Structure formats: structure tokens, C-alpha cells
Amino acid sequence: MAFIKGYQYKTEQEAINAREACDAYYGIPVGPDDVTQNWVEYRFAELNTPQFWYIVFDESLTPILGTPTEFEVLTPSFPPNEEL
Amino acid sequence: MPRIGIGLGLGLFQGGGGAAPYVGFLDSYPNAAAAYSLRKLRAAYTGNAIRVRRTDLTEQNIGFNALGGLDTTALMSFVGTGVLDNGFITTWYDQSGNGLNATQTTALNQPQIVIAGSMYTDINGFPSIRTAINAIWMNTSVNLNNAALSTFKVIRTGGNLSNSGVMGATDNVNDYAFFNSFADNNYYYGNGTGAESSISAGLTLNSNFIASTLNRSSTDRQVVTNAVSRGTSNVNKQTNFTMRINAQYRGLTGFVNEIIAYGSGDSLSTCQAKQNLINTYYGIY
């Protein structure tokens, strides 16, 4: 489990819309041959109930996405269950 | 604090001085599954080392200098030397001949090589790529199996060893536990959910290491750093995976110069010979 500062979305389409807004703000992609295709990528909180999509905060996102919130994202347990 | 400098940017001729032909690491030890480096690894390789995105979002390929080191002159000329000039890696080209380049298409997740007009370097001044936990990684299409694998990673640790996953796999949930050092200075095997094992890797803070994991079968594994065996594991584990440079979760917060992977498990003596050859260039131990 991790506490994430960022932006939380109930549907993947909302996350896609947020990503596209960031791309438009920063003008990505710049050139047709550029590798860089997005400014930021969203992630899927697969283990949470209910599941959701989220974008991890970066201060470059504030002008587009606004003030972030903090929320929990479940990750696999660690450390591993068997050690030498 | 990370050491930042202009770096050597020089290559070495393994065969000696004078007019001897260039001999790269892969000329001595060919057939890598994938090979990423900021130096030229193979005499016949004619491609670039990296593709870099600078602050204004334009991109350019950066190759090697005449001695086989990274062309730092071209790098700094492209990125700039001002306090607002930053350079990020969009592509780390595969020098193995298999064409399996590592890429990161998202700007905020790209590893960094130039910060505020200065190039990141390792302890000895060689160019190095900055990575970070939970944020920086590169994807590849290198398919491997952890029952037949040898990896060679030239890294510089940062100020925290609790997460140092230099290699990961593509499962976004379970990617962080493959063949990496993290969590109390240990190498862990497995996928984060099943039976795993750990071996103390002998890492220390803010230091350079040549780190290898040798997976000779599903029950025969060994960790070697700086040509010293750190331990073995016989926990039965066999998993197909697609390699990722720096784990998306629990990745290394530090620096990476080079990652070479082979699809077979080396003996300890072969691994030590390879690490020693790498060390003739980097001078780590």
C-alpha cells in the first residue's frame, strides 16, 4: 500500500482526457519522429476496491489539473515471504 | 548529493594503444540478448547511443566520440549549459544487434542525463543516467526467462538502498522484484507475489558497482558484485518476463551506465571475467 499524491479518476476515459489536456498544454508531440508522445501517463489501481485510475503529481501538472489530493494505492505485499 | 560534472566522455581501446582496432565488450563476449550503454560496445555497431529530449521538447540522437565514449560534446551542444537546460533519455539504443531499443514515450517518466546544464556522472566521471523510484523507467521488448539469464549492470547507488530495482518486468503490479537489489541491500528473485529469495548484494551508499545476477536454472542462482560472489539461491523459480530498465515500482534511485543481458546463465568464473573486462573501462574496483 502506498499513499499517492496525485489526481484520481473513476473511469479510464477521464484519465485519458486529463492526459490529453496535459499533452495539449505542452504541445506534445513536437515532431512526427519524436519518441515522446505524452507529457504524463496515468496508472491503474488494479488492486483497489473499487478500482480507479490516477496520475502521480508533478508540479508541472498544476496549471492543467489543479490541486492534487492524496489517496491510497494497493501494491503487492513486500518483503517476500522466503529469504535465505 | 549527486555528483554532477562534465564527465570523461572517453572510450578505451581494450586491445591497447596505437593503431589497434577498436574492440568493444561485445566483441569479446558476443550474443547478448540486449545491450545498453553510454559507451560503444561493439566495433561493428554504427548506430547511436541514446536519443535525448531537451527542455523545449525537441529530440536528437547522440552517438559516440572517436574513442568509443559518449559524444558529450554533441550532447551538451544540443541540450545546452544553462541553468534551465535539462536532457532526458527517450531511447537507449540496443547495441546487441537485435534492435531491441529501450524507450520511454512519457516525458515525466524519462531518465535524465543533463540537469541545469551539467551532465550526470558516476563516481569516476563517466556519463551516467539518473533514475528514481516509482517514476523513471524504460520499456523494452526483450523477452527473457529467469531460469537462463546473466545480467551485467554498471550502476552508481544513491543515498538510499531500500529500493534499487535496476531491472524490472512489464507487469505494472509485479514488476519490481526481478534480479534487483533493494530492500536492505539485497538482491531479490521472483515476481513479488510468489516464493522468492534474497541475497545480500554487498552494496554501499553512493558508490559504483558492477552487479550481476546469474540464473543457470530454475534452482541455481547466484549474485556477483565487483567480481565477488555474494551468495546463491536454490529456490525454484522460473518466469518468463519482458525486461524493463529500472523497475517501475521500487526502481533504483541512483545512476546507470550500462546494462547487458544474456539469455543463458554464466558460470562464476565467466561472470568474473566479464566483470573484470567491464572494470578495465570503468575502474570501479
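Since the model is a prediction, treat every value here as computed from it, not as a measurement.

Thresholds applied
Residues numbered from 1 in each chain as written. Chains lettered and ligands numbered in written order. Predicted model: local features only at pLDDT ≥ 70, side-chain atom pairs only at ≥ 80, totals over all residues. Heavy atoms only, no water. Helix = DSSP H or I, 4+ residues; strand = E, 2+ residues; numbered from the N terminus. Contact = heavy atoms within 4.5 Å. 1 Å grid on protein atoms, 1.4 Å probe; cavity = no way out; pocket = protein on both sides within 12 Å on 5 of 7 lines; lining within 4 Å. Points joined across faces, edges and corners; volume = space filled by probe spheres on them. Nonpolar A, V, L, I, M, F, W, Y, C, P; charged D, E, K, R; others polar. Core = buried A, V, L, I, M, F, W, Y, C linked by side-chain atoms within 4.5 Å. Buried < 20%, exposed > 50% of the residue type's maximum accessible area, 1.4 Å probe, protein only. Phe/Tyr/Trp six-rings, centres within 6.5 Å; stacked < 30°, edge-to-face > 60°. Expected span 1.5 Å × (residues − 1). Arc of directions from axis to C-beta.

Draft legend 1. Layout of the environment of Gly63 of chain B. Residues and elements named next belong to chain B. Relative to the helices and strands, Gly63 is located in the loop between strand E4 (59–62) and helix H2 (72–79). Distance from Gly63 to Met138, taken between C-alpha atoms, is 19 Å for residues 75 residues apart in sequence. Leaving out residues up to four positions away in the same chain, Gly63 has contacts with Asn48, Ala49, Gly69, Leu70 and Asp71.

Draft legend 2. Spotlight on empty space enclosed by the protein. All names here are of chain B. Taken as a whole and assessed by the stated rule, the structure comprises four cavities of 30 Å³ or more. Considered as a void within the structure, the second largest cavity measures approximately 40 Å³ in volume. Trp92, Pro111, Ile129, Thr131, Ile136, Trp137, Met138, Ile245, Asn246 and Val256 together form the lining of the second largest cavity. Looking at the lining of the second largest cavity residue by residue, the classes come out as eight nonpolar, two polar and no charged.

Draft legend 3. Just the nonpolar core, in detail. Core analysis: the biggest nonpolar cluster contains 43 residues, and Tyr36, Ile50, Leu75, Trp92, Ile113 and Met243 of chain B have the highest contact counts within it. Broken down by element, the residue count for this core peaks at four residues, all from H2 of chain B.

Draft legend 4. Highlighting the packing of aromatic side chains. Counting across every chain of the model gives 15 aromatic pairs over all chains. For the pair Phe25 of chain B and Tyr29 of chain B, a centre-to-centre distance of 5.5 Å together with 40 degrees between the ring planes defines the contact as tilted. Relative accessible area serves as the criterion here: at 0%, Phe25 of chain B is assigned to the buried category. For the ring pair Tyr45 of chain B and Phe64 of chain B, a centre distance of 6.2 Å and an interplane angle of 75 degrees mean the geometry is edge-to-face. Taken as a pair, Tyr45 of chain B in the loop between strand E2 (34–37) and strand E3 (50–54) and Phe64 of chain B in the loop between E4 and H2 lie far apart in primary sequence, 19 residues in all. Like Phe64 of chain B, Tyr45 of chain B is buried. Here the aromatic residues Tyr25, Tyr26 and Trp39 of chain A are joined through ring pairs into a cluster of three or more.

Draft legend 5. Main features of helix H1 (residues 12–26) of chain A. Residue and element names in this part refer to chain A. With 15 residues, H1 should reach 21 Å at 1.5 Å per residue; the first-to-last C-alpha distance of 21 Å fits that figure. Listing the buried residues of H1 in full gives Ala15, Ile16, Ala18, Arg19, Cys22 and Asp23. Viewed end-on, H1 has its buried residues packed into an arc of 160 degrees, placing them on one side of the element. Each element contacted by the buried residues of H1 is listed here: strand E1 (2–9), strand E3 (52–56) and helix H2 (62–65). Looking at the residues trailing H1, positive phi occurs at Gly27, about 70 degrees.

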